[in-house]
Structures are given as C-alpha cells and as structure tokens.
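Coordinate inspection notes
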Amino acid sequence: MAEIDGEPAGTITVNDRADEGLWSPGEIAEAVIVHYMIVDLRFAGHRIGHALLEHAATLAAQSNRDWVRLDAWTTNGGLHDYYIRAGFRQARFAGPEATGPSGALFERPTASWLSTRKLHPEPLPLAAHPQLHAG
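Residues numbered from 1 in each chain as written. Predicted model: local features only at pLDDT ≥ 70, side-chain atom pairs only at ≥ 80, totals over all residues. Heavy atoms only, no water.

1. Quick word on the side chain of Arg-65
As a reminder of what qualifies: Strands are runs of DSSP state E lasting at least 2 residues, helices are runs of H or I lasting at least 4, and numbering of each runs from the N terminus. Whenever two N or O atoms come within 3.5 Å, that pair is a polar contact, provided that in protein one can donate a hydrogen and the other can accept it, and provided that, for residues adjacent in sequence, both atoms are side-chain atoms. Whether two residues are in contact is decided by their heavy atoms: any pair within 4.5 Å suffices.
Position of Arg-65 relative to the elements: it lies in the loop between α2 (48-62) and β4 (67-72). A polar side-chain atom of Arg-65 sits 2.8 Å from the main-chain carbonyl oxygen of Ala-31. Here Arg-65 is in contact with Asp-16, Ile-28, Ala-29, Glu-30, Ala-31, Val-32, Ala-60 and Thr-110, once residues within four sequence places are set aside.

2. Describing unusual backbone geometry
Backbone geometry at Arg-47 places phi at a positive 65°, although glycine is not the residue there. Here Arg-47 is to be found in the loop between β3 (31-39) and α2. Despite not being glycine, Asn-64 has its phi angle at roughly 55°, a positive value. Relative to the helices and strands, Asn-64 is located in the loop between α2 and β4.

3. Topic: the environment of Gly-103
The condition that has to hold: Between buried and exposed lies partly exposed: a residue is buried under 20% and exposed over 50% of the maximum accessible area for its type, with that area taken using a 1.4 Å probe on protein chains only.
For Gly-103, the position within the fold is in the loop between β5 (89-93) and β6 (104-109). For Gly-103, a relative accessible area of 11% puts it in the buried group. Taking the C-alpha atoms as reference points, Gly-103 and Asp-71, 32 residues apart in sequence, are found 6.1 Å from one another.

4. What to know about helix α3 (residues 77-85)
Stated precisely, the cut-off is as follows: Note that the arc is computed from the directions linking the helix axis to the C-beta atoms.
Among the residues of α3, His-80, Tyr-82 and Tyr-83 are the ones counted as buried. The arc that holds the buried residues of α3, viewed along the axis, is 155°, so those residues lie on one side. Downstream of α3 by one or two residues, Gly-87 has phi in the positive range, about 100°.

5. Overview of the nonpolar core
Stated formally: Buried residues of nine kinds, namely Ala, Val, Leu, Ile, Met, Phe, Trp, Tyr and Cys, make up a nonpolar core once their side-chain atoms join them within 4.5 Å.
Counting 24 residues, the largest nonpolar core has Val-34, Met-37, Leu-53, Val-68, Tyr-83 and Phe-88 as the members making the most contacts within it. Secondary-structure elements contributing two or more residues to this core are β1 (2-4), β2 (7-15), β3, α2, β4, α3 and β6. Per-element accounting of this core gives the leading share, 6 residues, to α2. Counting 7 residues, the second-largest nonpolar core is a separate cluster that includes Leu-22, Trp-23, Ile-28 and Ala-31.

6. As for the packing of aromatic side chains
Let me state the cut-off plainly: Pairs were defined over the aromatic rings of Phe, Tyr and Trp, the Trp ring being its six-membered one, requiring ring centres within 6.5 Å. Orientation was assigned from the angle between planes: stacked under 30 degrees, edge-to-face over 60, tilted for the rest.
Tallied over the full model, the rule gives 4 aromatic pairs. Centre to centre, the rings of Tyr-83 and Phe-106 are 5.9 Å apart; their planes meet at 40°, and the pair counts as tilted. Of this pair, Tyr-83 sits in helix α3 while Phe-106 is found in strand β6, placing the two residues 23 residues apart along the sequence. Summarising the aromatic geometry, the rings of Phe-88 and Trp-113 are spaced 5.9 Å apart at their centres and angled 75° between planes, so their arrangement reads as edge-to-face.

7. Brief notes about the pairing of β2
So the rule is basically this: Any two strands are treated as partners once DSSP identifies two or more bridges connecting them.
Relative to β2, β1 runs antiparallel, the two sharing 3 bridges. For Glu-3, the partnering residue across the bridge sits in β2 and is Pro-8. The turn joining β1 and β2, which pair antiparallel and follow one another in sequence, is formed by 2 residues; a positive phi near 50° is taken by Asp-5. In terms of strand pairing, β2 meets β3 through 5 bridges, oriented antiparallel. If you follow Thr-11 over to β3, its bridge partner there is Ile-38.

8. Some thoughts on the packing of α2 against α3
Cut-off, in case you're wondering: Here an axis means a line fitted to C-alpha atoms, over the contact stretch when the element is a helix, while the angle between two N-to-C directions is reported on a 0 to 180 degree scale. Oblique is the label for any angle not covered by the other classes, which are roughly parallel (under 35 degrees), roughly antiparallel (over 145) and roughly perpendicular (65 to 115). Handedness of a crossing is defined here by the sense of rotation of the near helix relative to the far one, left-handed for an anticlockwise turn of less than a right angle and right-handed for a clockwise turn. Three residue categories are used. Nonpolar comprises Ala, Val, Leu, Ile, Met, Phe, Trp, Tyr, Cys and Pro, charged comprises Asp, Glu, Lys and Arg, and polar comprises the others, including Gly.
Running from N to C, α2 and α3 cross one another at 60°; their axes reach a closest spacing of 11 Å. With respect to α3, the element α2 is oriented oblique. Both α2 and α3 take part in a crossing whose hand is right-handed. From α2, Gly-49, His-50 and Leu-53 reach across to α3, where they touch Tyr-82, Tyr-83 and Arg-85. Considered class by class, the residues forming the contact of α2 with α3 number 3 nonpolar, 2 polar and 1 charged.

Treat this as a map of the structure, not an account of what it does.
See below:
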C-alpha cells in the first residue's frame, strides 16, 4: 500500500498467478503478474501508479523474472493508454477461452526499468519514494 501524508493513496497486488486463459503457463513462469492496482484519484499526478509498477519490477528482478505482465478491462481505452505511457506494450487480447472483462494483455520487460533506474537488490519499500510511505 502506498500512502501520502498518512493517507492511503494506492495499492497493488503482485504474484505469480493469472486468471485462466489470459497468459500461457510459460508466460506466467517468466513473469510477475500485476493485479488490482488502484490509485486514489485524489492523488492523481503524484506518479503513485508508476512507483507501484516500478516496485513490481523490483520484485520481478529479485525473483529472476524477465517480465511484468498485467491484464486490463478490454473496453477501457484510457487505461490501455495509461499502461502504454508507463512503458508497457499491448501483447494481445485474450482469446475466447478467457473469462471476465479483463482481456487486454500488457507486458513490460523487467530489464527496461534498469535503463531508467537501478533496481535495488531488495524490494524497494514505497517509503523510499520521496512522496510515498509504506502502509
């Protein structure tokens, strides 16, 4: 969870599982999967989402995973644009075997974060971000 001045500002769940039919077993094995990233709109513009995604990349690097992958609502073009601005590329739309509204699949190589910032060997606590505090 990310906080700003003691207020909850955002949260992210990162693990090595994905909903059925979204990613192949091989794609899952080489990635961390981002779930449920939420940023309170009161804190829009503070780059909380980017800090949370960078934290996911730190976890990926620490786990020797080459990718950060996520799924987004298929019809949410604004969210797709957000992930593209955050350095992700749209891999594809999930096939008919996938269930649920989140069928737009995005990925970003873990190494791409290395070019913008050296990843820490330990997960970066969100408190290390100048505007965020771990909660």
